[in-house]
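# A look at the structure
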Amino acid sequence: MTKKQVTSQWTGIKGRIFAWHLDNPLARYPETLLLGDCRSAVQDEFSRLIRGNEVVLDIGAGTGRFSLAIAKQLSTGKVICLDLSEEMLQHLIRKAEKEGLKDRIQILKGEASSSGLENESMDLVMSNNVFHELSSPEAVLAEMLRVLKPNGWVMITDFRDTRISRLICRSHREESHGPFSVHELETLFTKAGLKNVKVSPVRHWVIGVGKK
């Protein structure tokens, strides 16, 4: 039996349009106004966890919103940007070249639950705004922990379970998980065996970190 190939919904024209949308502040302004902006809170966590020589995996990197921000804080490290969408990854490469960060970025096309990376090879594994689309968040978190070094960190940012977030996520596939409450993300982390778990709400977003 052959393994079913997973493809991205963000492909072709749809992928190119959404990639443009993600990197256009004016296009995203209504969304930011409605949901709030968690970037500063996320970057504060980066600054706390990163020293400069880490190897970081960004699962569902998209156009590199946080991958490139992390890359700017690295000296000898690198960010591996994993995504299924060829359009998103090509957009990310162009941005990295433009910003002089190509040597700190590695592109990897693949599935969130099966990266193909070596065991215990990452210092930090993160995912931004991906987990609400998953049918099995536990499987992807298990993959994150598989590739994470002992004492490494996991960081997940996603929609918080609010009425507005639930309305937004109605457009996703029926089997998608949807937004996370603070308690639900905490439980996901602790059941996976993570330590020093901290989950914080930021308007309609939730940010979780935990140590392996």
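To be clear, the structure that these remarks concern was listed above.
First, a word on what this report is: a plain description of the structure on this page. The structure displayed is predicted, hence computed values, not measured ones.

## Observations concerning unusual backbone geometry
Positive phi is not limited to glycine here, since Asn151 has a value of about 70°. Within the fold, Asn151 resides in strand 5 (residues 148-159). Given the relative accessible area of 47%, Asn151 is considered partly exposed. The backbone of Arg203 shows a phi angle near 50°, a positive value even though the residue is not glycine. With relative accessibility at 47%, the residue Arg203 sits in the partly exposed group.

## Observations regarding the sheet that holds strand 7 (residues 205-211)
The seven strands lie next to each other as 3-2-1-4-5-7-6, forming an open sheet whose pairing is mixed. With one partner strand each, in any of the chains shown, strand 3 (105-109) and strand 6 (195-202) form the two edges of the open sheet. Averaged over all adjacent pairs, the angle separating strand axes in this sheet is 15°, with direction ignored. With five bridges joining them, strand 2 (residues 78-83) and strand 3 adopt parallel strand pairing. Note on strand 3: the bridge partner recorded for Asp83 is Lys109. The strands touched by helix 6 (residues 137-147) are strand 1 (55-59), strand 4 (122-128) and strand 5; relative to strand 5, the strand with the most contacts, the crossing angle is about 150°.

## Quick word on the packing of aromatic side chains
Counted under the stated rule, the structure contains three aromatic pairs. Here Phe46 and Phe66 contribute two aromatic rings whose centre-to-centre distance is 5.8 Å and whose plane-to-plane angle is 75°, an arrangement assigned as edge-to-face. With Phe46 in helix 3 (residues 39-49) and Phe66 in the loop between strand 1 and helix 4 (67-71), the pair connects residues that are 20 residues apart, well separated along the chain. A residue is classified by how much of its surface remains accessible, and Phe66, at 2% relative accessible area, is buried. Summarising the aromatic geometry, the rings of Phe131 and Phe180 are spaced 6.5 Å apart at their centres and angled 55° between planes, so their arrangement reads as tilted. With Phe131 in the loop between strand 4 and helix 6 and Phe180 in the loop between helix 7 (163-169) and helix 8 (182-191), the pair connects residues that are 49 residues apart, well separated along the chain. Here the two residues Phe131 and Phe180 agree in accessibility, since each one is buried. One residue, Arg48, lies across the ring of Trp153, its end atom 5.3 Å from the ring centre.

## Focus on the pattern of salt bridges
Per the stated rule, a full pass over the model turns up ten salt bridges. The structure contains a network of salt bridges with shared partners spanning Glu45, Arg48 and Lys198.

## Regarding the side chain of His204
Position of His204 among the secondary structure elements: in the loop between strand 6 and strand 7. Taking relative accessible area as the criterion, His204 reaches 14% and is therefore assigned buried. A polar contact is formed between the side chain of His204 and the side chain of Thr162, at a distance of 2.8 Å. Contact partners of His204, with chain neighbours within four places excluded, come to Leu34, Leu35, Asp158, Phe159, Arg160, Thr162, Ile164 and Ser165.

Criteria and thresholds
Residues numbered from 1 in each chain as written. Predicted model: local features only at pLDDT ≥ 70, side-chain atom pairs only at ≥ 80, totals over all residues. Heavy atoms only, no water. Helix = DSSP H or I, 4+ residues; strand = E, 2+ residues; numbered from the N terminus. Buried < 20%, exposed > 50% of the residue type's maximum accessible area, 1.4 Å probe, protein only. Pairing = 2+ DSSP bridges. Axes fitted to C-alpha atoms, helices over the stretch in contact; angles between N-to-C directions. Contact = heavy atoms within 4.5 Å. Phe/Tyr/Trp six-rings, centres within 6.5 Å; stacked < 30°, edge-to-face > 60°. Lys NZ or Arg CZ within 6 Å of the ring centre and 35° of its normal. Salt bridge = Lys/Arg side-chain N within 4 Å of Asp/Glu carboxyl O. Polar contact = N/O pair within 3.5 Å; in protein donor to acceptor, adjacent residues only side chain to side chain.

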